Amino acid sequence: MTTTATINPPEGPLTADAGARESLAGLGRDGLRDRLAAAGVPERHLRMRVTQLWGWLYVRGATSFDVMTDVAKDLRATLAAWYSLDRPQIVSEQVSIDGTRKWLLRLADGKDVETVYIPEEGRGTLCISSQVGCTLNCTFCHTGTQRLVRNLTAQELVGQILLARDRIGDWPGAVSEDPTGLPTGERKITNVVLMGMGEPLYNFDNVREACAIAADGEGLSISKRRITLSTSGIVPEIPRWGDEAGTMLAISLHAVRDELRDELVPINRKWPIAELLDACRAYPGLSNAKRITFEYVMLKGVNDSIADAKALVRLLAKIPAKIN
């Protein structure tokens, strides 16, 4: 049986401070440019300064302006007076004996979300949240019992990646305080999945921006082939996501018959299985090299019969797919 140890989070108040300096961590290039301009950086210097900050934030994982040695000292002081590089705050951290880590994170407004890191040999997957709460009410999902509070910003989505890389020592030259179960490769977070709290396609624009920041080859450099968006089946947004974001896709399926899926995943009443699979077949770039993952939670006596398994095979015929 897997056991967990709760690690005490860093000391300090866990409160939302309306007067706190805005963090630059997690912003895209346009956001950094706007904040630098607001801090008085001349127009002619903005492009260079954005490039400098980008490298410090997303290549080196800087948590202080003081370490930015190629940025003028007076500008570092100005930035430190105006902004911070804060990540989400850790409310609790649990580390399993197999190295799996679960963080309860507090955002700047005091709302909480969960992020989970799952290590495997030679790779590691980070599962991030896209909303505080959810609207879908899937019967087997705890988040479904919570009301939707709000969408996460792109910055808060990226902030989860930065926080995880901080905690497991996934920056150049960094070392984790607790190496339990961590892969030994150069990168400890090789994959990112949008399978945490919320329905990411109901937060389309912010999730798309966050994925673009994560995939940027001059920064975090997580390939789009290693980023997977999981949806319960928001059919109209699936082809749009393929066109505009181009990540891998996962479908939270869990049943092979509409009458059962209507109960387990209530969004099925709006977009039934046939419509969902049509959208999957049309997903841009779909091929044997870019398969869709179909997620199927096996519930004893509900959807786990041999007949269900055979029906699942028939249902996904001619769709390049894998089943999780």
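Per-chain numbering applies: the sequence of each chain, read as written, is numbered from 1 onward. The predicted origin of the model limits local features to residues at a pLDDT of at least 70 and limits the giving and counting of side-chain atom pairs to 80 or more, whereas totals for whole chains, interfaces and linings rest on all residues. Processing note: side-chain calculations cover all non-hydrogen atoms of the structure and skip hydrogens and water entirely.

Asks: What is the right way to look at the overall build of the chain in this model?
Replies: The secondary structure content of the chain amounts to 9 helices and 14 strands. C-alpha atoms define the radius of gyration in this analysis, and the globule rule sets the expected value at 2.2 Å times the number of residues to the power 0.38. Computed over its C-alpha atoms, the radius of gyration of the chain comes to 21 Å, within 12% of the 20 Å expected for a compact globule of 324 residues. Counting only C-alpha atoms, the chain reaches 70 × 45 × 40 Å along its principal axes. Here's how the labels work: a residue is buried when its accessible area is under 20% of the maximum for its type, exposed when over 50%, partly exposed in between, all with a 1.4 Å probe on protein chains only. Considering the chain as a whole, with its 324 residues, one finds that 49% of them fall into the buried category. Sequence separation of at least 24 residues holds for 63% of the intrachain contacts in the chain that already meet a minimum separation of 6. Note on areas: Shrake-Rupley, 1.4 Å probe, and residue coverage restricted to the protein chains presented here. For the chain, the accessible area works out to roughly 15,500 Å², and carbon and sulfur atoms hold 51% of it. Taken together, the 39 basic and 40 acidic charged side chains of the chain have centroids lying 3 Å from each other. Helix and strand labels come from DSSP, where a helix needs a run of H or I of at least four residues and a strand needs a run of E of at least two; each type is numbered from the N terminus. The contact rule is simple, with two residues in contact once any of their heavy atoms fall within 4.5 Å. We treat Lys and Arg as the positive residues and Asp and Glu as the negative residues; His and chain ends play no part in the count. To locate a charge, the coordinates of NZ of Lys, CZ of Arg, CG of Asp or CD of Glu are taken.

Asks: Looking at this structure, I do not really get the side chain of threonine 228. What am I missing?
Replies: Along the chain, threonine 228 falls in strand E11 (residues 227-231). Classification of threonine 228 by relative accessible area gives buried; the value is 14%. Once residues within four sequence positions are removed from consideration, threonine 228 is found in contact with Val192, Val193, Leu194, Met195, Met248, Leu249 and Ala250.

Asks: Before we go on, may I ask you to explain the pairing of E11 in this structure?
Replies: Along any regular strand, the residues point their side chains to alternate faces of the sheet. Summarising burial for E11: 5 of the 5 residues are buried, a large majority. Where burial is concerned, the two faces of E11 agree: the one with Ile227, Leu229 and Thr231 and the one with Thr228 and Ser230 are both buried. Pairing between two strands requires that DSSP report at least two bridges joining them. Direction of pairing for strand E10 (residues 191-194) relative to E11: parallel, over a ladder of 3 bridges. Within E11, the residue paired with leucine 194 across the bridge is leucine 229. Crossovers are marked right-handed if the path from the first strand over the helix to the second runs clockwise, as seen with the strands pointing away from the viewer. The handedness of the E10 to E11 crossover, carried by helix H5 (residues 204-215), is right-handed. Here E11 runs beside strand E12 (residues 248-252); their pairing, made up of 4 bridges, is parallel. Paired with serine 230 across the two strands is alanine 250, which belongs to E12. Taken together, E11, helix H6 (residues 237-244) and E12 constitute a β-α-β crossover, and its handedness is right-handed.

Asks: Would you mind going over the pattern of salt bridges with me for this structure?
Replies: For side chains of opposite charge, pairing can occur when their charged atoms come near one another. We count a salt bridge whenever a side-chain nitrogen from Lys or Arg sits within 4 Å of a carboxyl oxygen from Asp or Glu. Scanning all chains against the criterion turns up 19 salt bridges. The salt bridge involving arginine 33 is made with glutamate 43; its shortest N-O contact spans 2.4 Å. Pair noted here: arginine 33 is in helix H1 (residues 29-38) and glutamate 43 is in helix H2 (residues 43-58), with a separation of 10 residues, a long-range link. One salt bridge in this structure joins arginine 150 and aspartate 109, with 2.8 Å as the shortest N-O distance.

Asks: For this particular structure, what's the right way to read unusual backbone geometry?
Replies: A negative phi angle characterises most non-glycine residues, just as the trans form characterises most peptide bonds. Positioned with a positive phi, serine 221 is a non-glycine residue whose angle comes to about 55°. Not every positive phi belongs to a glycine, and lysine 318 is a case in point at roughly 70°. Examined against the element boundaries, lysine 318 turns out to sit in the loop between helix H9 (306-315) and strand E14 (321-323). Classification of lysine 318 as exposed rests on a relative accessible area of 84%.

Asks: Can you walk me through the confidence of the model for the chain in this structure?
Replies: A low pLDDT means the predicted coordinates there should not be read in detail. Every residue gets a pLDDT, meaning the predictor's confidence in that residue, from 0 to 100. With 92% of its residues at a pLDDT of 70 or more, the chain shows a mean pLDDT of 92. Considering only residues more than four positions removed or in separate chains, one finds that residues 12-18, a stretch of pLDDT under 50, has 10 contacts.

Asks: How do you make sense of the environment of glycine 124 when you look at a structure like this?
Replies: Note on placement: glycine 124 falls in strand E7 (residues 123-127). As a C-alpha pair, glycine 124 and isoleucine 189 span 65 residues in sequence and 4.7 Å in three-dimensional space. Once residues within four sequence positions are removed from consideration, glycine 124 is found in contact with Tyr117, Ile118, Pro119, Lys188, Ile189, Thr190 and Asn191.

Asks: When you look at the pairing of strand E6 (residues 112-120) in this model, what are you seeing that I'm missing?
Replies: Note: strand E5 (residues 101-106) against E6, 6 bridges, orientation antiparallel. Bridging across to E6, leucine 104 finds its partner in glutamate 114. Once E5 ends, the chain turns through 5 residues before running back antiparallel as E6, passing glycine 110 with a positive phi of about 90°. When E6 meets E7, the two strands line up antiparallel, connected through 5 bridges. Residue proline 119 lies in a different strand from E7, and its bridge partner there is glycine 124. Taking the residues between adjacent antiparallel strands as the criterion, E6 and E7 are bridged by 2 residues, where glycine 122 takes a positive phi near 80°.

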